[in-house]
Amino acid sequence: MCAAKKEFIIALDEGTTNAKAVVLDARGNVVMKFSQPLAIQTPHEGWVEQSGEVLIDASVDVIAKAVSHVGAENVAALAISNQRETAIGWYRQTGKPLNAAITWQCTRSAAYCEALRHENKEPLIKSTTGLPIAPLFSASKMRWLLESLTDGPQLAAQGDICLGTIDSWLLWNLTAGETFCCDYSNAARTQLLNLHTGDWDDAMLALFHIPRAALPEIKPSSGLFGHTRGLKGIPDGIPVMSMVGDSHAALFGHALGEMGCVKATYGTGSSVMAPVKSAQCDINALATTIAWHDGDSIIYGLEGNIPHTGDAVAWMADSTGLSELSDAELTHELNTLSASVDSTLGVYFVPALTGLGAPWWDDSARGVIFGLSRGVKRAHLIRAALESITYQIADVVVAMQQHDDFRLSALMVDGGPTQNNWLMQYQADLLGCPVMRSDVPELSAIGAGLLARKALHPGSLTDLNAFLTAHSTFHPDMERHHRLQKRWQEWRQAVNRTLWKPVSSL
């Protein structure tokens, strides 16, 4: 490929189900992408894990293909966006993982988290880290990794074990063990970072029994992290110029953190995130986090995490026989079945398959299909699964209104399910605000690429406006918005049936 020297940024988007390398040109356009699927293992009920070695092999493979496509001499930098909260440990001398990577969906540490609640540790944890107690976050997973070894805590205290999120694991392997760092956005999701000081917190380290010596150095999301070394198909010396959690990267890729532009990523699960100016941590139902450090300053984010959105639709498709179809046929069915019926006939699907996330935070909740009647068919169930995505996201947006800095001017959306026009219009009508869908699906990769571009070409954040991608807008039907409020209330009644301790409202 003929190109100006050092034109391309290759963004690795390492998600839960795929590792993707996205090639971005000098104008920020996606010119090529390479993808490799990633397997998930569920060895016990509530356990969800992945092979750390497979994650690396897949990531190196797609990066190598991207480098080969554009030519190594034309690659300016690598950028990384990654699945968040997934925790992995490895031996510092050999780089061999202690165990499988424990994914963000895993609830094996739920009993420990419940014990922390009974000990009334949540107020301290929330005020320090911005995060509620939940097995979603990395700290309890890291504790489990150490305690799964006879001498784990001792080795960690001696600095012989590394504990990290996926960004640090990728960086370690891309640099042949020369660099052990993570970025602020990933550190903020561990439950070990003091949100106010921007450093690992001694009290949290003691509470979760995590030695500081086992943790990576924290760096800005935009900046030099290290250089590639010793990789098959990837030349030495390519700089890694950004690392950021995938949901944070998508928020940055949508609108560079413009206030009022709330982001919802529709994937296996969903992250709803709003940029805010302060680290206000007094909304129990939501997490306050660091959205990113752009090299100049820290930007905060208000977030609700939902474990089962696209995953809920996949479960329903499988349970109703649609999984036997080809990918193209399945997509067609999901895009048309929901619109083929006028309603769900009163059916609500609450996909608490491994518990409920924000704003409910109930690990003990389990899913329910509520309101079944004789006339309910496959189309009604698929529609109920799709509607469940919109209700869960709307529940989080309502909780966000308690933050002093929060405002909603538009919901910026990305992810595979957003290609369903019916779903996007339903979301706009339910919330009563515009839903703006990215015309480019690789928002996480683009956001990471923009942060790398800022590091390569220092300047004002507004300089990046020219690289933002276009959006398609779904405007709300306000008459339908008012009608849907009754269905939204009925949805909450269905949610109450899944909760360990039912509540009357948000």
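Presented here is an overview of the structure given in this document. (Residues numbered from 1 in each chain as written. Predicted model: local features only at pLDDT ≥ 70, side-chain atom pairs only at ≥ 80, totals over all residues. Heavy atoms only, no water.)

**A short note on the overall build of the protein chain**
Scanning the protein chain from N- to C-terminus turns up 15 helices and 23 strands. For the protein chain, the C-alpha atoms occupy an extent of roughly 60 × 60 × 45 Å along the three principal directions. Partitioning the intrachain contacts of the protein chain with sequence separation of at least 6 by distance along the chain shows that 72% fall at a separation of at least 24. Accessible surface, the protein chain: about 18,700 Å² in total, of which carbon and sulfur atoms supply 51%. (Helix = DSSP H or I, 4+ residues; strand = E, 2+ residues; numbered from the N terminus. Contact = heavy atoms within 4.5 Å. Areas by Shrake-Rupley, 256 points an atom, 1.4 Å probe, with all protein chains shown as cover.)

**Some remarks on the pairing of strand β16 (residues 270–276)**
Burial within β16 is extensive, with seven of its seven residues counted as buried. Both faces of β16 are covered, namely the face carrying S270, V272, A274 and V276 and the face carrying S271, M273 and P275. By the bridge criterion, four bridges tie strand β15 (residues 261–266) to β16 in an arrangement that is antiparallel. Bridged to A264 within β16 is V272. In textbook terms, the turn of a hairpin is the stretch between consecutive antiparallel strands, and for β15 and β16 this stretch comprises three residues. (Buried < 20%, exposed > 50% of the residue type's maximum accessible area, 1.4 Å probe, protein only. Pairing = 2+ DSSP bridges.)

**Considerations on the side chain of T228**
Topologically, T228 is positioned in the loop between β13 (222–227) and β14 (239–245). Judged by relative accessible area, which is 2%, T228 ranks as buried. In terms of polar contacts, T228 uses its side chain to reach the backbone amide nitrogen of I238, at 3.0 Å. When sequence neighbours within four positions are dropped, the list of residues in contact with T228 reads L78, L174, I234, P235, D236, G237 and I238. (Polar contact = N/O pair within 3.5 Å; in protein donor to acceptor, adjacent residues only side chain to side chain.)

**Remarks on the sheet that holds strand β2 (residues 18–24)**
The six strands lie next to each other as β3-β2-β1-β5-β14-β13, forming an open sheet whose pairing is mixed. Strands at the two margins of the open sheet, each flanked by one partner only, are β3 (30–37) and β13. Neighbour-to-neighbour, the strand axes of the sheet open up by a mean angle of 25 degrees, direction not taken into account. Two strands pair when backbone bridges link them, and strand β1 (residues 8–14) and β2 are joined in this way by six bridges, in the antiparallel orientation. Pairing of I10 across the sheet is with V23, part of β2. Most of the contacts of helix α6 (residues 166–174) go to strand β5 (residues 75–82), to which it runs at about 145 degrees, and overall it touches β1, β5, β13 and β14. (Axes fitted to C-alpha atoms, helices over the stretch in contact; angles between N-to-C directions.)

**With respect to the sheet that holds strand β17 (residues 287–293)**
What the seven strands build is an open sheet, ordered β17-β18-β16-β15-β21-β22-β23; its pairing is mixed. A single partner strand is all that each edge strand has here, and the edge strands are β17 and β23 (471–474). Between one strand axis and the next, the sheet turns through 30 degrees on average, direction left out of account. Note that strand β21 (residues 410–414) and strand β22 (residues 435–438) share three bridges and pair parallel. Looking at β22, one finds that L411 is bridged to V435.

**A look at empty space enclosed by the protein**
The tally for this structure, following the rule as stated, stands at two cavities of 30 Å³ or more. I306, V350, L356, G357, A358, W360, Q392, W491 and V495 together form the lining of the largest cavity. Residue classes in the lining of the largest cavity are distributed as seven nonpolar, two polar and no charged. If you add up the space inside the second largest cavity, you get close to 30 Å³. If you go around the second largest cavity, the residues you meet are I9, L24, G28, I446, G449, L450 and R453. Ranked by residue count, the leading element in the lining of the second largest cavity is helix α14 (residues 443–456), at four residues. Residue classes in the lining of the second largest cavity are distributed as four nonpolar, two polar and one charged. (1 Å grid on protein atoms, 1.4 Å probe; cavity = no way out; pocket = protein on both sides within 12 Å on 5 of 7 lines; lining within 4 Å. Points joined across faces, edges and corners; volume = space filled by probe spheres on them. Nonpolar A, V, L, I, M, F, W, Y, C, P; charged D, E, K, R; others polar.)

**Some thoughts on the pattern of salt bridges**
Under the criterion given, the structure shown has 21 salt bridges. Two residues, R108 and E49, come together in a salt bridge whose shortest N-O distance is 2.7 Å. On the criterion of sequence distance, the pair formed by R108 in the loop between β7 (101–102) and α2 (110–118) and E49 in strand β4 (residues 49–50) is long-range, its members being 59 residues apart. Judged on exposure class, the residue R108 and its partner E49 are both buried. In this structure, D61 and K65 form a salt bridge, with 3.3 Å as the shortest nitrogen-oxygen distance. Linking D61 with K65, this pair stays in helix α1 (residues 52–70), spanning four residues, or about one helical turn. On the basis of relative accessible area, K65 is assigned to the partly exposed category, the value being 39%. (Salt bridge = Lys/Arg side-chain N within 4 Å of Asp/Glu carboxyl O.)

**Concerning the nonpolar core**
In summary, soluble globular proteins display a tendency toward joint burial of nonpolar side chains. The biggest cluster of nonpolar side chains holds 108 residues, and the ones touching the most others in it are L192, F208 and L411. Examining the composition of this core, we find that 14 residues originate from one element, helix α12 (residues 378–400), more than from any other. Sequence-distant contacts of F208, that is, excluding residues within four places in its chain, are made with Y112, L116, I125, A139, S140, R143, Q191 and L192. Counting residues in each nonpolar core, the second largest holds 39 residues, with A58, W172, C181 and I234 among its members. (Core = buried A, V, L, I, M, F, W, Y, C linked by side-chain atoms within 4.5 Å.)

**What to know about the side chain of T418**
The topology assignment puts T418 in the loop between β21 and α13 (421–431). When residues no more than four places from it in sequence are discounted, the contact partners of T418 are Y266, V413, M424 and R437.

**Overview of the environment of K20**
Structurally, K20 can be placed in strand β2. Distance from K20 to Q36, taken between C-alpha atoms, is 6.5 Å for residues 16 residues apart in sequence.

**Describing the packing of aromatic side chains**
Per the counting criterion, the structure on display carries 13 aromatic pairs. Aromatic side chains Y391 and W491 sit 5.3 Å apart centroid to centroid with 25 degrees between the ring planes, which places their arrangement in the stacked category. Of this pair, Y391 sits in helix α12 while W491 sits in helix α15 (residues 478–496), and the two are 100 residues apart along the sequence. The burial state of Y391 is the same as that of W491; both residues are buried. Taken together, the ring pairs in this structure connect Y348, Y391, W422, Y426 and W491 into an aromatic cluster. Stacked on the ring of W47, the Lys or Arg R108 has its end atom at 3.9 Å from the ring centre. Directly above the ring of F467 sits R453, whose terminal nitrogen or CZ lies 4.5 Å from the centroid. (Phe/Tyr/Trp six-rings, centres within 6.5 Å; stacked < 30°, edge-to-face > 60°. Lys NZ or Arg CZ within 6 Å of the ring centre and 35° of its normal.)

Read these as layout, nothing more, since geometry by itself doesn't imply function.
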